[in-house]
Structures are given as structure tokens and as C-alpha cells.
Amino acid sequence: MSTTQSERLRDLLEPLVTSKELDLEEITVTPAGKRRVLRVVVDADSGVSLDTCAELSRELSEKLDDADAMGDSEYVLEVTSPGADRPLTQHRHYVRAVDRLVKFQLTEEAGGGELTARILKVDDEGLDLEVPGVKGRKPTARRLEFADIAKARVEIEFNRKNKNEEEA
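Summary of the structure given here. (Residues numbered from 1 in each chain as written. Predicted model: local features only at pLDDT ≥ 70, side-chain atom pairs only at ≥ 80, totals over all residues. Heavy atoms only, no water.)

1. Quick notes on helix H1 (residues 5-19)
Next, step 1: The end-to-end C-alpha separation of H1 is 22 Å, in line with the 21 Å expected for 15 residues at 1.5 Å each.
Next, step 2: Its maximal kink placed at Leu 13, H1 deviates by approximately 40°, while the proline Pro 15 follows within four residues.
Next, step 3: Along H1, the residues that are buried comprise Leu 9, Leu 13, Leu 16 and Val 17.
Next, step 4: Elements that come into contact with the buried residues of H1 comprise strand E1 (23-32), strand E2 (35-43) and helix H2 (50-67).
Next, step 5: Once H1 ends, the next one or two residues include Glu 21, with phi positive near 60°. (Helix = DSSP H or I, 4+ residues; strand = E, 2+ residues; numbered from the N terminus. Expected span 1.5 Å × (residues − 1). Bend = angle between axes of the 7 residues up to and from the residue. Buried < 20%, exposed > 50% of the residue type's maximum accessible area, 1.4 Å probe, protein only. Contact = heavy atoms within 4.5 Å.)

This is the structure we're talking about:
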């Protein structure tokens, strides 16, 4: 039973990542000239700080060196968070995006097209959304099942007031 290098690296690194209460989102190894770049993407419900990435990078580097997982050729280790524009693909991604504006690409079975809405609630089957009103109209509620979503990505909002500012 052969496994890919990414799968072997995931098996090696995931226990350390989860011990830090982080989720291992992605591992990629790409060539970069004479070296390779090992990119480890981690996330958490409360986000990931730069200090957390730096500390985790040191610990992962030690583990990789001890296990000789990358072989003899040179590599650069990058530990990062997924960023605001990453696609939402896992249930936990949607949970973390509650109260965020999201652009959905709907499946053909759901009628296709795009929908931009704010996630209000997430459960095991889908999402409760608030679709913004157009031209002065009030927002409307909508239910969207996970099976109806082809793609989803958080929309960056520069001018949105947070809840504390709205209540003041």
C-alpha cells in the first residue's frame, strides 16, 4: 500500500498540530529551483497568530529533521494560515464563517448561478442565510443545503460595522 509524500507528512505532522489545538488544513510540497517548499496550512476557531505559526514552525522543523521525512535535498518550511479568501470546503469552515458574507456558486441541481448571503447558523445539513436586500429592500431569510453548494468563499467586507458598533 503506497502513500503519497503529502499523506506521509500529514501522518507525521498532524498529531503535533492537533496537540496545539489547531486543524491541519493542507500540506503541499512544490519545487522551487534547486529546493522544495513544504507549505503547512493550519487553522483554528479563533484564528492563528503569527507567533503561533512561528512556534509551530520551529517544532515541525525539529520533527521533520528527526524523522528525515524530507530526505537529503534542501527544502523551505512555511507554516501559514489559510487566509480570508480560501474556499469553504469543510463543515468547520462554514462554522467559522458564521456572521460573514459568503459568495456561493450553486450546483446545477439547485438551479446554478451565484448567491451572496450572510451565514447566520450552521447545522449538519446546511446553512441558514440572510440574503441582503437590493435597492432599499429588507434582507430575506434563506435555507441552503450543503448538497446545493458547488463552491463557497468568504467575501471581504471593508466597511461593515461589528456588532458592538451597531448596538452603540
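That was the structure; now back to the text.
2. Here we look at the pairing of E2
Next, step 1: A large share of E2 lies buried, amounting to 7 of its 9 residues.
Next, step 2: Across 9 bridges, the pairing between E1 and E2 is antiparallel. Within the sheet, the bridge partner assigned to Val 29 lies in E2 and is Leu 38.
Next, step 3: Between E1 and E2, which follow one another and run antiparallel, lie 2 residues, and Gly 33 among them has a positive phi close to 70°.
Next, step 4: Note: E2 against strand E3 (residues 75-80), 6 bridges, orientation parallel. (Pairing = 2+ DSSP bridges.)

3. Side note on the sheet that holds strand E4 (residues 101-106)
Next, step 1: Read across the open sheet, the 5 strands follow the order E7-E6-E5-E4-E8; overall the sheet is antiparallel. In the strand order of this sheet, the two ends are held by strand E7 (140-145) and strand E8 (149-154), each with one partner. Taken over all neighbouring pairs, the strand axes of this sheet differ in orientation by 40° on average, direction set aside.
Next, step 2: Sheet topology note: the E4/strand E5 (residues 114-122) ladder contains 5 bridges and is antiparallel. Within E5, the position partnered with Val 102 by the bridge is Ala 117. (Axes fitted to C-alpha atoms, helices over the stretch in contact; angles between N-to-C directions.)

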